[in-house]
Amino acid sequence: MSEFTPRYLADYQVSAFTISTIDLTFELDDTATKVTSVMSVKRQGSGEEPLVLDGEHLTLLSVKIDQCLLSASDYYLSATGLEIPVRADEFQLTIVTEINPQDNTALEGLFKSGDAFCTQCEAEGFRRITYYLDRPDVMAVFTSKVIADKIKYPYLLSNGNKIASGELDNGKHFVQWHDPFPKPCYLFALVAGDFDLLQDSYLTSENREVALEIFVDKGNLAKAEHAMASLKNAMAWDEETFSLAYDLDIYMIVAVDFFNMGAMENKGLNVFNSKYVLADTESATDVDYYNIEAVIAHEYFHNWTGNRVTCRDWFQLSLKEGLTVFRDQQFSGDMNSKTVSRIQNVRVLRSQQFAEDAGPMAHPIRPEKVMEMNNFYTLTVYEKGSEVIRMIHTLLGAEGFAKGMALYFERFDGMAVTCDDFVNAMADASKVDLTQFKRWYSQSGTPHLKVSESFDPEANLYHLTISQHNQAGELSSPQSCLHIPVKMELIDADSGIGQQQLLELTAPEQTWTFEHYQAKPVVALLEDFSAPVKVDFEQTDLALEVLMLAASDGFCRWDAGQKLLSRYLHKLVLEPGYALPASLITIFSKILQKDSDPAFTAEQLTLPAFGEVVDQIHQVDPLALVNALKTLKGFLAKGLQEPLSACYHNCAEKTALSHQQAIGNRALKNICLSYLAVLPGADTLVAAQLSSAANMTDTLAALNASAYNNLPAFDSQMSAFESKWHDTPLVVDKWFTINASLNSDDIFERLAALLKHPLFSIKNPNRARALIGAFVSANPQYFHCQSGRGYQFLAEQIKRLNEINPQVASRLITPLIQYKEYDLSRQQLMLEQLKVLRALPQLSKDLLEKLDAALN
Ligand code: PHE
Ligand code: ZN
């Protein structure tokens, strides 16, 4: 079947036709929405190619070229499109289609989220609305008229500026919108519904008064304040950092409960998963607040990096996503603790992106082969893509980078371009040669650095040798080796004084020599995580302890502690009875008592995540790792009980803190709680926190402690929580998540009951992820249980989702296709489930692509 063949970057061809304007009319109806599209089409180039439009799940009502109505014999209609053998070079094309938003559970194209209509067109959803050249390099000026019932849908929204509105017969009304900026159809949006509206305004650096509007479900107005504040901060930040100001008179955000992803940057009309808009302290955690700020900023930043300059084709996705993630990370670092933000980025990379890079779906940040584009909204394209931009920033410096951005917009504003275009602008503006650097765009896999050092006490010389290796561990060749910025510091062991430097590794192996050292210095490598690589470097425990306390770079101080903890986790995995050294207690009690930023101390006390350690141990037995984590946690809890308890109570008593301080304080208190809760007396402590908690952060920390330790009061605590929050969807999601992460042998009976719970709906992606996704990622003890029941549970849910929402199904399958990370018996069990899924009739393209990659 043609729809199931992959596409290749190398096959890119300019479109045979362009569309300069499109005039859309939507007559909204739950099951039969009529879409009329009037387009100005022009042939590009001299060929006589037919016009081939994309279209899926559409009912075609009529096609007209200029004033001539076509009959069915004038075109070819298939399940994937409409082919018209047209002769003219320039014509007006009118197409009328009918679609069914109500039955659209895939949530691509036009669908219903609760009572509202909304659209999602990236990557290729517009073809589910009408027949079109659904590719990002076809850019048109959109005008959209929306017609719907006035009572049910008082707000009718689309991109750009409102140009007309009025009453119609039968209780209907209409609004017409015009977006002056030519755009690809993936940035088109329409929303219709009844909302509460939070209004504000922003005066840009160019003196444009912008109306800011956030639309939320009725009753949620107060919960949009943080999103609004974040939006204004993001607007100001982009003006200050990159001199980029907003370009329309209105910026709208709509929060919906049914959404496959986080949010979408449609021009002038962002559509958001409500999870990234709604918050108040009672119902949202500090992490929720942080994420809302980040996602609001991300979508806002897309207005320049994505919308004003867009992608030539979908292989270039990282052009907009890697760059925009980098921009939102920089923003979050400026608005919060830079170091703690950076640590969070690295955790995501190490626990998830590295696994993707080592798995069957590994791809370069600019993929070369794609079957289902939705499968490429990945940690690699986004997070590693951002790391690649960050390396350019490091190599060019902030100023050189800003010049590069300016040149990029000077050259490409209003165009659809490639990753190479971006890198060339960076290189030309800064005069830094990025030729070798470009290899980052075409290599997949995580590079390894092998590091060795030697000290010559006679000559007072310190030598540092770094070699680079590919994913398989082979030394890179001169033709394949990467340009890797390695920020480092040499710390004088006696004085503690450090010397910082940027090394540029450009060869398979390089040695640097440092003079005038009386004694061997301690090296802090990869400051600020200056490259997305793994480092093999056997530093002693003592050296790591020096770094934990003395490295200038906060990331390095944290990383040294993580390395130390991972080292002992490895030993415990290999030998469960391994006697952990008292030195661990000594160093971590120093950390606890050191007067650092509490948010940072909390990070230092956090054990490496399950996924991070999985990635470090070849074919790990997952249960051995679960037990190792428990043992290490128990060991530290016991050894540090007094300082942990003192710190816990000290944090709990602190008042009159600034907003930021209060967040750090809670983080530290709750990491202490997570240790103390594994010790006798946990019940009382957790119950006390639960009853005194004044915010969702503290409540969830207590409930998580209860779930992890399967405390006797768990069920009663959870039912109290449920009665309080059953009307608040985002909190109900949290309730399902905690239930799914309970450490209890009857978890599978509980999961079965939860699937039947009246508040569960597999059609709601947030809800499905809250239960199924959380079990898979937050309950490794039972997901990986020896019987294989965990894998079977996941496969059964994926099977259901395959028919309901292929995108959600395809994201949930990740841990199964990464089976090679685990021991052979787990591999067998996972493979069994993969084969069951592969044999399903009606397998979606999304799952098929991943299953074939995994099983071949
Ligand atoms: N472009 C969106 C973002 O990164 C993500 C997205 C992709 C949303 C596809 C929906 C569908 O901001
Ligand atoms: Zn994005």
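Residues numbered from 1 in each chain as written. Chains lettered and ligands numbered in written order. Predicted model: local features only at pLDDT ≥ 70, side-chain atom pairs only at ≥ 80, totals over all residues.

(A) Spatial organisation of the overall build of the chain. For the chain, the count of helices and strands is 26 helices and 31 strands. For 856 residues, the compact-globule estimate of 2.2 N^0.38 gives 29 Å, and the C-alpha radius of gyration of the chain, at 28 Å, lies within 12% of that figure. Each principal axis of the C-alpha distribution contributes one length, and for the chain these read about 90 × 65 × 60 Å. Classification of the 856 residues of the chain by burial places 51% in the buried group. Contacts in the chain between residues at least 24 apart in sequence constitute 71% of all its contacts with a sequence separation of at least 6. (Helix = DSSP H or I, 4+ residues; strand = E, 2+ residues; numbered from the N terminus. Rg over C-alpha atoms; globule rule 2.2 N^0.38 Å. Buried ≥ 20, exposed ≤ 12 C-beta atoms within 10 Å, placed from the backbone. Contact = placed C-beta atoms within 7 Å.)

(B) Region of interest: the sheet that holds strand β28 (residues 498-505). What the three strands build is an open sheet, ordered β28-β27-β30; its pairing is antiparallel. Two strands lie at the open edges of the sheet, namely β28 and β30 (522-525), each paired on one side alone. Each neighbouring strand pair of the sheet contributes to a mean axis angle of 25°, computed without reference to strand direction. The strands touched by helix α7 (residues 541-550) within the sheet are β27 (484-491) and β30, with β30 carrying the most contacts at an inclination of about 65°. (Pairing = 2+ DSSP bridges. Axes fitted to C-alpha atoms, helices over the stretch in contact; angles between N-to-C directions.)

(C) Region of the structure containing the nonpolar core. V191, A192, V254 and V277 are the most contacted members of the largest nonpolar core, which has 258 residues in total. When residues in this core are grouped by element, the largest group, eleven residues, is from helix α5 (residues 379-412). In contact with V254, other than residues within four places in its own chain, are C118, L157, V191, F215, V271 and F272. (Core = buried A, V, L, I, M, F, W, Y, C linked by C-beta atoms within 7 Å.)

(D) Summary view of the confidence of the model for the chain. Taken as a whole, the chain shows an average pLDDT of 97; of its residues, 100% reach a score of 70 or greater. Predicted as a complex, the structure gets a pTM of 0.99 and an ipTM equal to 0.99. (pLDDT = per-residue confidence, 0-100.)

(E) Geometry of the sheet that holds strand β7 (residues 76-77). Reading across from one edge, β4-β8-β7 is the order of the three strands in this open sheet, with antiparallel pairing throughout. Looking along the sheet, the strands with just one partner apiece sit at the ends: β4 (51-54) and β7. Sheet analysis places β7 next to strand β8 (residues 81-84), joined by two bridges and oriented antiparallel. Opposite L77, over in β8, you have L82 as the bridge partner.

(F) Local environment of the UniProt feature "domain: Aminopeptidase N-like N-terminal" (unreviewed entry) in the chain. Sequence positions flagged by UniProt for "domain: Aminopeptidase N-like N-terminal" (unreviewed entry) are, in local numbering, residues 76-187. The span residues 76-187 is 0% helix and 53% strand, and its two end C-alpha atoms sit 28 Å from each other. (UniProt positions renumbered as here; feature names shortened; annotations may be inferred.)

(G) Fine view of the site of ligand 1. Residues in contact with ligand 1, as listed here, are Q120, E122, A123, M261, A263, M264, E265, H298, E299, H302, E321 and Y377. Going through the elements one at a time, β20 (263-264) and α2 (286-301) are the ones with two or more residues in the shell around ligand 1. In the shell around ligand 1, the residues fall into five nonpolar, three polar and four charged. (Near = placed C-beta within 6 Å. Nonpolar A, V, L, I, M, F, W, Y, C, P; charged D, E, K, R; others polar.)

(H) Layout of α2. In this model, α2 (16 residues) spans 23 Å end to end at C-alpha, consistent with the 22 Å of a helix rising 1.5 Å per residue. Of all 16 residues in α2, 13 are buried, a share of seventy percent or more. (Expected span 1.5 Å × (residues − 1).)

(I) Main features of the UniProt feature "domain: Peptidase M1 membrane alanine aminopeptidase" (unreviewed entry) in the chain. UniProt tags residues 227-440 as "domain: Peptidase M1 membrane alanine aminopeptidase" (unreviewed entry). Summarising residues 227-440: 55% helix, 9% strand, and an end-to-end C-alpha distance of 35 Å.

(J) A look at the packing of helix α13 (residues 641-653) against helix α14 (residues 659-676). Put simply, α13 and α14 touch, their axes get as near as 9 Å, and they point 145° apart. Like other packed secondary-structure pairs, α13 and α14 cross with a definite hand, here left-handed. Within the contact between the two elements, α13 uses L644, S645, C647, Y648, C651 and A652 and α14 uses N665, L668, K669, C672, L673, Y675 and L676. For the contact of α13 with α14, the per-class residue count stands at ten nonpolar, two polar and one charged. (Left-handed = near helix turned anticlockwise from the far one by under 90°.)

(K) Seen up close, the packing of helix α17 (residues 714-725) against helix α18 (residues 729-740). Axis separation between α17 and α18 bottoms out at 10 Å; the angle between their running directions is 165°. As far as their axial angle goes, α18 and α17 are roughly antiparallel. With respect to the hand of their crossing, α17 and α18 are arranged in left-handed fashion. Every residue of α18 that contacts α17 at M718, F721, E722 and W725 is listed here: V731, V732, W735, I738 and N739. Among the residues forming the contact of α17 with α18, the class breakdown is seven nonpolar, one polar and one charged. (Parallel < 35°, antiparallel > 145°, perpendicular 65-115°, else oblique.)

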